[in-house]
Amino acid sequence: MTTLESSKHPRPAADERPPFDVERIRADFPALHQTVHGKPLAYLDNAASAQKPQAALDAETECYRRFYSNVHRGVHYLSEKATDAYEEARRKVQRFVNAAREEEMVFLRGTTEGINLVASTYGRQHVGAGDEVLITTMEHHSNIVPWQLLCEERGARLVVAPINDRGEVDVEEYERLLSERTRITAFTHVSNALGTINPVAEMIRLAHAKGVPVLVDGAQAVPHLDVDVQELGCDFYAFSSHKLFGPTGVGALYGRLDLLATMPPYQGGGEMIRSVTFEKTEFSPPPNRFEAGTPNIAGAIGMGAAIDYLQALDMSAVAAHEHDLLDYATAALEAIPEVRIIGTAETKASVISFVIGDIHAHDVGTILDREGVAVRAGHHCAQPVMDRFGLPATTRASFALYNTREEVDRLIAGVERVRELFG
Amino acid sequence: MSELMDLYQEVILDHNKKPRNRGTMDDADHEAKGDNPLCGDQLTLFVKMDGDRVTEIRFEGRGCAISVASASLMTETITGKSQAEIGTLYESFHELLTGDPSVAAEAGEELGKLRVFEGVREFPVRVKCATLAWHTLMAALEGKDASVTTE
Ligand SMILES: Cc1ncc(COP(=O)(O)O)c(C=O)c1O
């Protein structure tokens, strides 16, 4: 198994790697330093949501304490400061995914809202009766349901590209399913349930060869991979701050400016208009057209700070560290009788879904919790993936930059404890 | 650790491994489905009655150890009981899991074996697992082909 090499920072050979000081990183995350049921916390539920560095917490608090006001409205000092900070956060998010222009970044509540926005604006504009929307079997519910709603409304068809037993998209089949009627395609960069890193560049190329625009769900990718939307060539890319070590309730959608410029608004309200009379409203250009109402100002600023935090680190060392944890945990779990890993793709991010014999994931989750090990147990908002593997649920451990081999050892000890109890 | 041992008592582990009254029934008088969307637990109950009394009950489905053991022990306990007796058991069982601990400790003599679920009260997120079968049963007895969900 290998993770995708980051394009901007190829991973150096082992002996040239700068030492990665995980203890120094852990010191930046206050929530990690607590005990749970009398045991030190081992937080292995990062794919659900990640903990926050002090710098991101401080940025949010600073905003409220020193320069908080509404944005884009006032002529007064604080409003100007808040607007500057909010727009600076937009530029940080822009640079983070290497978008060409800041107008291409829309601040929203998160990935889910980004996908819903595209489905209900671009989707409604372009998808009609008999048309098709192409997704894959491994999508998170948030990249299924908005398209399902759109298809129902329009009398269109939701087409689903299959995955193989290792949890990889069948790319040949994906290409075959791109038809004359496909109006848009949406797929995840990294699977939250399986850890699979999809060959998104290739899938985008295939879709574009047939003139089909692409939305990439980047929720699980941005915390781990170096994402460059220009290099990928995707048309939309959605992600959330909370999985990226930033605050909840905020996220960003990248959209190619020529597409955003022709899309109708998502919601109506303040902020998104140029002029309003009761007869007619003229809408602002992107990104404001898509940011109706007072946005999550402090959240966006916190998200920018989380990105600053990440970018100050050597991301290739981070990737190497996470990959080491993945390999270490995979080998240890595989060595335990009755443990089966679900999702064994060639390229994986640091997510391991597994089952232990026929022991239900919720029992596993409860026992691990009492050992201080936080994992996710359930269907991971990806029921079609569970159905594909004939399982009601799995236990999922997902690692971030601040996790350690010692925490993996505790996961393994917890799994042994489960087997002991259920004997 | 002792809380875990209280949760996963021998009786519970045994009923999870070898559920009693598991299966379907063609000639059931009542049938109901229950599900817990949070965990994907699903359960179908088949009940045969003689007047007011349950003469036979079977269950089918999948779930965690707590929900399977609860369904299994419930079917054992309520066979031969009247609707009124079942109603009382249901309330005592609920009290055992969620009620005031001192009340729960005294009340519910009639619970008998079902007392093994007392440990669940220390695991609030798992209470739904233990009560799924009971909610489904009440739905089955109230009306045919009912469907309940814990959410
Ligand atoms: C792959 C994937 N897509 C979308 C989402 C939805 O993200 P959010 O809940 O932040 O909108 C998640 C997170 O649960 C995810 O893992």
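Residues numbered from 1 in each chain as written. Chains lettered and ligands numbered in written order. Predicted model: local features only at pLDDT ≥ 70, side-chain atom pairs only at ≥ 80, totals over all residues. Heavy atoms only, no water.

## Some remarks on the overall build of chain A
When helices and strands are counted, chain A shows 14 helices and 17 strands. For chain A, the C-alpha radius of gyration of 22 Å lies close to 22 Å, the compact-globule estimate for 423 residues. Across its three principal directions, the C-alpha atoms of chain A cover 70 × 55 × 40 Å. The contacts in chain A between residues at least 6 apart in sequence include a share of 72% that link residues at least 24 apart. Carbon and sulfur atoms make up 50% of the accessible area of chain A, which totals about 16700 Å². The average position of the 41 basic charges and that of the 59 acidic charges among the side chains of chain A differ by 4 Å. (Helix = DSSP H or I, 4+ residues; strand = E, 2+ residues; numbered from the N terminus. Rg over C-alpha atoms; globule rule 2.2 N^0.38 Å. Contact = heavy atoms within 4.5 Å. Areas by Shrake-Rupley, 256 points an atom, 1.4 Å probe, with all protein chains shown as cover. Lys, Arg positive; Asp, Glu negative; His and termini not counted. Charge placed at Lys NZ, Arg CZ, Asp CG, Glu CD.)

## So, the environment of Q42(B)
Residues and elements named next belong to chain B. Inspection of the secondary structure assignment puts Q42 in strand β2 (residues 41–50). Along the backbone, Q42 and V125 are 83 residues apart, and their C-alpha atoms lie at a distance of 17 Å. The residues touching Q42, leaving out its near neighbours within four places in the chain, are G34, D35, E60, G61 and R62.

## So, the site of the ligand
Residues and elements named next belong to chain A. All residues in the neighbourhood of the ligand are listed as T111, T112, H140, S142, T188, N192, D217, A219, Q220, S240, H242 and K243. In the model, an oxygen atom of the ligand is placed 3.4 Å from a nitrogen or oxygen of the T111 main chain. In this structure, D217 approaches the ligand through a side-chain N or O atom, which is 2.5 Å from a nitrogen atom. Surface burial for the ligand is 85%, taken as the share of its 390 Å² of free accessible area covered by protein chains. Its residues assigned to classes, the shell around the ligand comprises one nonpolar, nine polar and two charged. (Near = heavy atom within 4 Å. Polar contact = N/O pair within 3.5 Å; in protein donor to acceptor, adjacent residues only side chain to side chain. Nonpolar A, V, L, I, M, F, W, Y, C, P; charged D, E, K, R; others polar.)

## A word on the pairing of strand β3 (residues 53–62) of chain B
Residue and element names in this part refer to chain B. As judged from the nine bridges shared by β2 and β3, these two strands associate in the antiparallel manner. The residue of β3 that forms the bridge with M49 is V54. Hairpin connection, β2 to β3: the antiparallel pair is bridged by two residues, and G51 has positive phi, about 65°. (Pairing = 2+ DSSP bridges.)

## Some points on the confidence of the model for chain A
Looking at chain A, pLDDT values average 94 and 96% of them are 70 or higher. Scored below 50 in pLDDT, residues 1–12 of chain A makes 37 contacts in the model with residues more than four places away or belonging to other chains. (pLDDT = per-residue confidence, 0-100.)

## Digging into the environment of R24(A)
All names here are of chain A. In this fold, R24 is placed in helix α1 (residues 22–27). On the basis of relative accessibility, which here comes to 60%, the residue R24 falls in the exposed class. Separated by 250 residues in sequence, R24 and R274 have C-alpha atoms that sit 48 Å apart. (Buried < 20%, exposed > 50% of the residue type's maximum accessible area, 1.4 Å probe, protein only.)

## Observations concerning the nonpolar core
Of all hydrophobic cores here, the largest spans 82 residues; its most connected members are V97(A), Y174(A), Y237(A), F239(A), M303(A), L401(A) and Y402(A). Of the residues forming this core, the biggest block, nine residues, is contributed by helix α10 (residues 297–311) of chain A. Inspection of this core shows a minimum of three residues originating in each of domain 1 (6–33 + 314–422) and domain 2 (56–311) of chain A. What L401(A) contacts, discounting residues up to four positions off in sequence, is F20(A), V22(A), I25(A), F29(A), F245(A), L310(A), L313(A), V318(A), H321(A) and E322(A). In terms of nonpolar packing, the next biggest core, distinct from the first, is built from 71 residues, I57(B), I86(B), L97(B) and L141(B) among them. (Core = buried A, V, L, I, M, F, W, Y, C linked by side-chain atoms within 4.5 Å. Domains from an automatic or database assignment.)

## Re the sheet that holds strand β5 (residues 132–136) of chain A
Sheet strands pair by backbone hydrogen bonding; their relative direction is either parallel or antiparallel. Residues and elements named next belong to chain A. One open sheet accounts for seven strands, arranged β4-β10-β9-β8-β7-β5-β6; its pairing is mixed. Because the sheet does not close on itself, it has two edges, and the strands there are β4 (105–108) and β6 (157–161). Within this sheet the neighbouring strands show an average axis-to-axis angle of 20°, counted without direction. Relative to strand β10 (residues 251–255), β4 is paired through four bridges, and the arrangement is antiparallel. (Axes fitted to C-alpha atoms, helices over the stretch in contact; angles between N-to-C directions.)

## Observations regarding the sheet that holds strand β17 (residues 394–398) of chain A
Residues and elements named next belong to chain A. Strand order in this open sheet of four strands is β13-β14-β17-β16, and the pairing throughout is antiparallel. Either end of the sheet is taken by a strand with one partner, and the two such strands are β13 (339–342) and β16 (376–378). Neighbour-to-neighbour, the strand axes of the sheet open up by a mean angle of 30°, direction not taken into account. Examined bridge by bridge, β13 and strand β14 (residues 351–356) share four bridges and lie antiparallel to one another. By the bridge assignment for β14, R340 is matched with V355. Helix α11 (residues 315–334) rests against β13 and β14 of the sheet, and its axis sits at about 10° to β14. Each of β14, β16 and β17 is contacted by helix α12 (residues 361–370), which is oriented at about 160° to β16, the strand it contacts most.

## Quick look at the pattern of salt bridges
Side chains bearing opposite charge may pair, as long as their charged atoms lie close to each other. Applying the stated rule across the entire model yields 40 salt bridges over all chains. The closest approach of N and O atoms between R66(A) and E62(A), which form a salt bridge, is 2.8 Å. Here R66(A) and its partner E62(A) are both found in helix α2 (residues 54–66), four residues apart, which amounts to about one turn of the helix. Of the charged contacts in the structure, one is a salt bridge between R20(B) and D14(B), with a shortest N-O distance of 2.7 Å. (Salt bridge = Lys/Arg side-chain N within 4 Å of Asp/Glu carboxyl O.)

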